[in-house]
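Here is what each chain is made of, one letter per residue.
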Amino acid sequence: MAALPRDELPGWVPDNVETYLAHVMQGRSIRSLARDAGCHASTVLRQVRRFELRRDDPLVDHALHRLERQRTGAATPVKREDLDSMTLTAKKPAPPLCTERLESEARRILRRLAEPGACLAVADGMEKAVVVREAKDGQTIRTGTLDREIAEAMALRDWIAVSAAGRVARYRITGAGRAALREILSRDAAVSTVATEDAEPDHRARYGVAETPILVLARRRDKDGTAFLTPEMLRAGERLREEYEIAVMGGEPEGGWDALLTREPEGDPCARGAAGAAARLSMALAELGPGLGDVTLRVCCRLEGLETVEKQMGWAARSGKIVLRIALQRLARHFADREGAGGGLIG
């Protein structure tokens, strides 16, 4: 579609968004856009009206404004409260979001949103969005964070949709989002199969997108009826998985992730992005050490089943869940000692 030159917008932007921007922000007529697209004018009109209605969603509205600023190269005005009392300045537009980064973040965030009770919370004026999961006991567990720009792109592609508006809006994964996640994961599986044809057998996770080993274990009860995992243990396991998934974006460390279990922690845990996540992961795994760290890394981060881990480690049947519980107890203490009961910020 010739609504806008393709090189003026990122590759992940859908064609119908190009059409809408060309009509609303460039002033091109519906008939002109229809001629370029080779379709009836009513088709273009429906696309334009659909996006006009979607602008009630703050993420979609902000995404469209961001794309227009990137296309024109316009500077973003600084908010009044951020201005120096003597100097007026303008923020330069950030580099456009690329398709590779969007898919990398979508792989991590959409998997989280596909879990039962999960939603994305976005507050007015905040540069970060948070993925939380609502447990049956009413407690909320934070399972991920992402830049607002990523959340805007996901809303624009209709991967997430607002379920509760307000000062803190909540978004849920859509059918299109689940389809996108399946496509991303299927490509990953195809690449993994090719890469490991001549290597050791691939120990793929036996759990689906919405059912991870730690969630299954958290539903179990002891003989006296108490939960097998406390909320603190569950949050610790989820926190470690999030650190791992962010760290993976920066590439595998020398010797692989298992090497972190047997060497001194390295890196700056206060750094942002993948580097900081890798440092925090290194510290946590070093605290657990071999054995406890092995089972935690395999089950919480790589999503391998407990039965598989027991066989690989040479443990007795049904012993893995006991070792994992001990590991999560120590992990919860580690996070609490370092950053308080809340566990600190992720990423």
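Above: the structure in question.
These remarks concern the structure in this document. The structure presented is a predicted model; accordingly, all values stated were derived computationally and were not measured.

**Focus: the packing of helix α9 (residues 231–248) against helix α10 (residues 273–288)**
Right, so step 1: Orientation of α9 relative to α10, taken along the N-to-C sense of each, is 135°, at an axis distance of 8 Å. One element, α9, and the other, α10, form an angle in the oblique class. As for how α9 packs across α10, the hand of that crossing is left-handed. Of the residues in α10, those touching α9 at Arg239, Leu240, Glu243, Tyr244, Ile246 and Ala247 are Gly273, Ala274, Ala277, Ala278, Arg280, Leu281, Ala284 and Leu285.
Right, so step 2: By residue class, the composition of the contact of α9 with α10 is ten nonpolar, one polar and three charged.

**Some remarks on the sheet that holds strand β3 (residues 118–123)**
Right, so step 1: Strands sit in the order β5-β4-β3-β7-β6 across an open sheet of five strands; the sheet is antiparallel. Bordering the open sheet on either side are β5 (140–147) and β6 (160–164), each of which pairs with just one other strand. Averaged over all pairs of adjacent strands, the angle between strand axes in this sheet comes to 35°, irrespective of strand direction.
Right, so step 2: Examined bridge by bridge, β6 and strand β7 (residues 168–173) share four bridges and lie antiparallel to one another. Looking at β7, one finds that Ala161 is bridged to Arg172.
Right, so step 3: In this fold α9 packs onto β4 (128–134) and β5, with an angle of close to 15° to the strand it touches most, β5.

**Focus on the packing of aromatic side chains**
By convention here, two paired aromatic rings are described through the distance between centres and the angle between planes.
Right, so step 1: A complete count under the given rule lists two aromatic pairs for this structure.
Right, so step 2: Ring centres of Tyr20 and Phe51 lie 5.8 Å apart, and the angle between their planes is 35°; this geometry places the pair in the tilted category. With a gap of 31 residues between them, Tyr20 in helix α1 (residues 15–24) and Phe51 in helix α3 (residues 41–54) connect regions that are remote in the sequence.
Right, so step 3: Tyr20 sits in the buried class, given a relative accessible area of 1%.
Right, so step 4: In this structure, Arg239 is placed above the aromatic ring of Phe335, and the distance from its NZ or CZ to the ring centre is 4.8 Å.

**A word on the environment of Leu185**
Right, so step 1: In this fold, Leu185 is placed in helix α7 (residues 175–195).
Right, so step 2: Judged by relative accessible area, which is 21%, Leu185 ranks as partly exposed.
Right, so step 3: On a C-alpha basis, the gap between Leu185 and Arg111 in space is 9.6 Å, while along the polypeptide they are 74 residues apart.

**Focus: the pattern of salt bridges**
Right, so step 1: Applying the stated criterion to the full structure yields 28 salt bridges.
Right, so step 2: With its nearest N and O atoms 3.1 Å apart, the salt bridge here joins Arg187 to Glu183. Taken together, the residues Arg187 and Glu183, both in helix α7 and four residues apart, mark about one turn of the helix.
Right, so step 3: Across the pair Arg280 and Glu243 runs a salt bridge whose closest N-O atoms are separated by 2.7 Å. Here Arg280 is found in helix α10, whereas its partner Glu243 is found in helix α9, with 37 residues between them in sequence.
Right, so step 4: A relative accessible area of 9% places Arg280 in the buried class.
Right, so step 5: Of the residues examined, Glu243 reaches a relative accessible area of 1% and is grouped as buried.

**Things to note about empty space enclosed by the protein**
Right, so step 1: Enumeration over the complete set of coordinates arrives at three cavities of 30 Å³ or more.
Right, so step 2: As a volume, the largest cavity reaches approximately 60 Å³.
Right, so step 3: If you go around the largest cavity, the residues you meet are Trp12, Ala63, Arg66, Leu67, Gln70, Leu97, Glu149, Glu152 and Ala153.
Right, so step 4: Here the lining of the largest cavity gets four residues from one element, more than from any other, and that element is helix α4 (residues 58–72).
Right, so step 5: Taken as a whole, the second largest cavity encloses approximately 50 Å³ of empty space.
Right, so step 6: Contributing to the lining of the second largest cavity are Pro58, Leu59, Val122, Ala123, Asp124, Arg148, Gly166, Ala169 and Tyr171.
Right, so step 7: Secondary-structure elements contributing two or more residues to the lining of the second largest cavity are α4, β3 and β7.

**Quick look at helix α13 (residues 320–339)**
Right, so step 1: For α13, spanning 20 residues, the distance from its first C-alpha to its last is 28 Å, which sits close to the expected 28 Å at 1.5 Å a residue.
Right, so step 2: Within α13 the residues assigned to the buried category are Gly320, Leu324, Ala327, Leu328, Leu331, Ala332, His334 and Phe335. Burial along α13 is one-sided: seen end-on, the buried residues are contained in an arc of 160°.

What counts, and at which threshold
- Residues numbered from 1 in each chain as written.
- Predicted model: local features only at pLDDT ≥ 70, side-chain atom pairs only at ≥ 80, totals over all residues.
- Heavy atoms only, no water.
- Axes fitted to C-alpha atoms, helices over the stretch in contact; angles between N-to-C directions.
- Helix = DSSP H or I, 4+ residues; strand = E, 2+ residues; numbered from the N terminus.
- Parallel < 35°, antiparallel > 145°, perpendicular 65-115°, else oblique.
- Left-handed = near helix turned anticlockwise from the far one by under 90°.
- Contact = heavy atoms within 4.5 Å.
- Nonpolar A, V, L, I, M, F, W, Y, C, P; charged D, E, K, R; others polar.
- Pairing = 2+ DSSP bridges.
- Phe/Tyr/Trp six-rings, centres within 6.5 Å; stacked < 30°, edge-to-face > 60°.
- Buried < 20%, exposed > 50% of the residue type's maximum accessible area, 1.4 Å probe, protein only.
- Lys NZ or Arg CZ within 6 Å of the ring centre and 35° of its normal.
- Salt bridge = Lys/Arg side-chain N within 4 Å of Asp/Glu carboxyl O.
- 1 Å grid on protein atoms, 1.4 Å probe; cavity = no way out; pocket = protein on both sides within 12 Å on 5 of 7 lines; lining within 4 Å.
- Points joined across faces, edges and corners; volume = space filled by probe spheres on them.
- Expected span 1.5 Å × (residues − 1).
- Arc of directions from axis to C-beta.

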